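Structural overview
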Amino acid sequence: MNRNENNDDIVFEFKKNKAPQQPQQQRPAQQPQQQRPAQQPQQQRPAQQPQQQRPAQQPQQQRPAAHEAPPHKQRKKESKIGRFFSTVIIVSALVGISIFLAFFALGSASDLLGINQVDQQVEIEIPKEAEGSISKVAKILDEAGVIDQRLTFEIYAKFRKMDGSDRGEGKEPRKFLAGNYVVNSKWGYDELMRHISRKDKEADTVSISFYEGMSAAQIAKRLEENGVCTAEAFFTAMEEETYDYEFIGKITDEEYRFRKLEGYLFPDTYYFYLNMNPKDVVDKFLSNFENKMTEELMLDMRNLPNGLGELDNLITLASIIQREVGEPDEMALVSSVFHNRLNNEGEYPHLQSDATAYYIKESIKPYVTTNNQAMYDAYDSTVAKGLPVGPICNPGIDAIRAAIYPEDTNYYFFVSDDRGNYYYAATYEEHQANIATAKQVNKEVAAEEAAKAETEEKTAE
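Now for a look at the structure at hand. As the structure is a prediction and not an experimental result, all values here were calculated from the model. (Residues numbered from 1 in each chain as written. Predicted model: local features only at pLDDT ≥ 70, side-chain atom pairs only at ≥ 80, totals over all residues. Heavy atoms only, no water.)

**Here's the deal with the overall build of the chain**
For clarity, the threshold we go by: Every helix listed is a DSSP run of H or I at least four residues long, and every strand listed is a run of E at least two residues long, numbered separately from the N terminus. When a residue's accessible area, from a 1.4 Å probe over protein chains only, is under 20% of the maximum for its type it is buried; when over 50% it is exposed; and in between it is partly exposed. The criterion used for residue contact is that any of the two residues' heavy atoms lie within 4.5 Å. Note on areas: Shrake-Rupley with a 1.4 Å probe; residue coverage comes only from the protein chains shown.
For the chain, the helix and strand inventory stands at 17 helices and six strands. Counting across all 461 residues of the chain, residues that qualify as buried make up 38%. Contacts spanning at least 24 positions in sequence make up 62% of the contacts within the chain whose residues lie at least 6 apart. As displayed, the chain offers around 27200 Å² of accessible surface, 49% of which is attributable to carbon and sulfur atoms.

Structure, rendered in structure tokens:
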């Protein structure tokens, strides 16, 4: 132990007090370099040698042999470490490339066959300058989100000779044709290429007009008649799909409500694709509703009493107004009647709108398998107090505005005749007189129509 400690002292002395002229003579006898004089020519050089004055250039001679390996062994060790890391890098690169190729292959197969793709219809346009160009069409499809693997599509399209080249005897050349198309991102490449290379293209779109006051059942029937989607698929999309609109959260989820989105399928003229995804069909109506309900209307609505500051109640009232009166000029007056009744619920607990009874008969009963009197009563404004449980049709913007901005009147009753005249009354007695007047007008109209029909019959003979 004393010897080792003395040696440590000597080494410490060497590091701290070495003379620049004689560094080799201060090393202990155990240094292997001093026992091999042939390999230590520096010890015979005079003190004036520049190498001895720059010990920093001789790191090998300044390291204690007891702690470090000889230089040739250290080089071998560094070489082994370098080869190890090089191997790790190469293997990692190969593994990374393999993983990339595997994912690319899986993604390409999924894209080519349409497996695990989103079921959505997309409208694309192939301009005249892109006709017959595989690369340009692939770019259009990729940017539209129809395909995910652009390179794979190009390779497959060339393999299928979709560039107009010769396909062999008896086979007509095929190429992508310019035009507007409706495609589905769930289609495989073969179906997609067939669709955008047809020379006998059928019309992909259809224009349908929906008038104000149509119910969801009437809208669904018209969609089915025009080949957009089946009525049943439309109802399913209404009830089971989710839609990202803020107003959806304001719709009440009442127990006896028949169709949740009734009232929000905004009536308008729309362009649809044939065999369109039902969710996208519903979304068109809802998107239009959101655009029509401006911030000004939403703010003014909030100041209304009797729960009409809530969107769902307001649309329910608007739907009744829409079904009761077709003339926009009369809507604000009819709206005042319902507002006055809601303001005086003690004396007039029921809105007593015949339109709610028609909704039960035409839009609920034909679509339920069992009798549900509780639901019928929830919609019947001669039974339910105040507003019914939900809208009875899909109102237009005039009816919605009338519900927000009623005329200031003292009317509690109204009736109309077959000539389109409306009669308003503040008392029940006045209302009875108006009913008598309307009935008389209706008799006159009926007599006129009978006489007209008789004249036409005689003329036809």
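**Here we look at the packing of helix α12 (residues 311–324) against helix α14 (residues 354–364)**
Short version of the rule: Note on method: axes are straight lines fitted to C-alpha atoms, helices fitted across the in-contact stretch only, with angles between N-to-C directions ranging 0 to 180 degrees. Working definition: roughly parallel below 35 degrees, roughly antiparallel above 145 degrees, roughly perpendicular at 65 to 115 degrees, and oblique for all remaining angles. Residues are grouped as follows: nonpolar covers Ala, Val, Leu, Ile, Met, Phe, Trp, Tyr, Cys and Pro; charged covers Asp, Glu, Lys and Arg; every other residue, Gly included, is treated as polar.
Packing of α12 against α14 leaves a shortest axis separation of 9 Å and a crossing angle of 95°. Considered as vectors, α12 and α14 are oriented roughly perpendicular to each other. For the pair α12 and α14, the contacting residues are Ile-320, Arg-323 and Glu-324 in the first and Asp-354, Ala-355, Thr-356, Tyr-358 and Glu-362 in the second. Residues that form the contact of α12 with α14 fall into these classes: three nonpolar, one polar and four charged.

**Description of the packing of aromatic side chains**
Stated formally: Aromatic contacts are taken between Phe, Tyr and Trp rings whose centres are within 6.5 Å, Trp giving its six-membered ring; a plane angle under 30 degrees counts as stacked, one over 60 as edge-to-face, and the others as tilted. Charges are assigned to positions over rings by a cutoff of 6 Å between ring centre and Lys NZ or Arg CZ, combined with an angular limit of 35 degrees from the ring normal.
On inspection of all chains with the given rule, the structure shows 24 aromatic pairs. Consider the rings of Phe-247 and Phe-289, whose centres lie 4.9 Å apart with planes at 55°: the pair is tilted. Here Phe-247, found in the loop between α9 (231–240) and β4 (269–273), pairs with Phe-289, found in helix α10 (residues 278–292); they are 42 residues apart in sequence, far enough to count as distant. For the residue pair Phe-247 and Phe-289, the accessibility class agrees, reading buried in each case. By the ring-pair criterion, three or more aromatic residues cluster together here, those being Phe-210, Phe-234, Phe-235, Tyr-270, Phe-272, Phe-285 and Tyr-367. Sitting over the ring of Tyr-243, Lys-279 keeps its end group 5.8 Å from the ring centre. In this structure, Lys-365 packs its charged tip against the face of Tyr-376, placed 5.0 Å from the ring centre.

**Focus on the nonpolar core**
Selection criterion: As used here, the term nonpolar core means buried Ala, Val, Leu, Ile, Met, Phe, Trp, Tyr and Cys residues forming a set that is joined through side-chain atoms within 4.5 Å.
One finds Leu-223, Phe-234, Phe-272, Phe-285 and Leu-286 to be the most contacted residues of the largest nonpolar core, which totals 75 residues. Looking at this core element by element, the count peaks at seven residues for α12. In terms of nonpolar packing, the next biggest core, distinct from the first, is built from 23 residues, Val-137, Met-162, Leu-177 and Val-183 among them.

**Brief notes about helix α6 (residues 150–159)**
Inspection of α6 places Thr-152, Phe-153, Glu-154, Tyr-156 and Ala-157 among the buried residues, and these make up the whole buried set. Looking one or two places after α6, you find Lys-161, whose phi comes out positive at around 55°.

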